[in-house]
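Analysis of the macromolecular model
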Amino acid sequence: MNNLDLKTRTFAFGIRCVRLVEKLPKGMVSELFGRQLIRCATSVGANYRAAARARSRADFISKLGIVEEECDESMYWIESLVEMNLIKLKQVDDLLKEANEILSIIISSINTARKNGKPAK
C-alpha cells in the first residue's frame, strides 16, 4: 500500500464515521458519543497527512503514534455506540474492520520506521 492509498483510506474512514453519526438517533448520549467519534475519526486522516509531511524520522513516528491512538479511540466509540444499542453491530462491522486494518498498517509502519532508524550492529 502506498502513501496515497492510505491517505485516501484514512480520509474515507473519517467521512464514513461522520455519516454514521448523522444517522444516530437523537439524544444526549448519541450526541456526546457522536461528537467524540467525529473528532477522533477525522483526526486519523488529518494526522496521517501530517505524518506524510514529517520533518524527521522521529517526527514521522510521533505523528503516526497519534494516528494509532485516534484510530483506536474511534474503534472505542463505535463499539460504545453498539453496546449502548444506538446502532447495530452489522451496520458498523465493515467500519470496524477498516479501522482495524488501518490500525494494523499504522502499527507496522511505526515498527518499520523504528527498526530502520536504528544503527546497524
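Residues numbered from 1 in each chain as written. Predicted model: local features only at pLDDT ≥ 70, side-chain atom pairs only at ≥ 80, totals over all residues. Heavy atoms only, no water.

Each aromatic ring pair is described using two quantities: the centre-to-centre distance and the angle formed by the ring planes. Inspection of the entire model under this criterion finds two aromatic pairs. Measuring from ring centre to ring centre gives 4.9 Å for Tyr76 and Trp77, while their planes differ by 80 degrees; the resulting arrangement is edge-to-face. Under the relative-accessibility criterion, Trp77 is labelled buried at 13%. Within the aromatic cluster, the residues linked to one another by ring pairs are Phe33, Tyr76 and Trp77. (Phe/Tyr/Trp six-rings, centres within 6.5 Å; stacked < 30°, edge-to-face > 60°. Buried < 20%, exposed > 50% of the residue type's maximum accessible area, 1.4 Å probe, protein only.)

With that settled, consider the pattern of salt bridges. In this structure the tally under the stated criterion is seven salt bridges. The closest approach of N and O atoms between Glu98 and Arg9, which form a salt bridge, is 2.7 Å. Linking Glu98 in helix α4 (residues 89-117) with Arg9 in helix α1 (residues 3-22), this pair joins segments that are 89 residues apart in sequence. In terms of burial, Glu98 and Arg9 fall into one category: buried. Across the pair Arg39 and Glu73 runs a salt bridge, and its minimum N-O distance is 2.5 Å. Taken together, the positions of Arg39 in helix α2 (residues 28-52) and Glu73 in helix α3 (residues 57-83) put the pair 34 residues apart, joining distant regions of the chain. One salt-bridge network, held together by shared partners, links Arg9, Glu98 and Glu101. (Salt bridge = Lys/Arg side-chain N within 4 Å of Asp/Glu carboxyl O. Helix = DSSP H or I, 4+ residues; strand = E, 2+ residues; numbered from the N terminus.)

Looking now at the packing of α2 against α3. Packing of α2 against α3 brings their axes to within 8 Å, and their N-to-C directions diverge by 155 degrees. On the basis of their axis angle, the class for α2 and α3 is roughly antiparallel. The hand of the α2/α3 crossing is left-handed. Considered class by class, the residues forming the contact of α2 with α3 number 16 nonpolar, five polar and four charged. (Axes fitted to C-alpha atoms, helices over the stretch in contact; angles between N-to-C directions. Parallel < 35°, antiparallel > 145°, perpendicular 65-115°, else oblique. Left-handed = near helix turned anticlockwise from the far one by under 90°. Nonpolar A, V, L, I, M, F, W, Y, C, P; charged D, E, K, R; others polar.)

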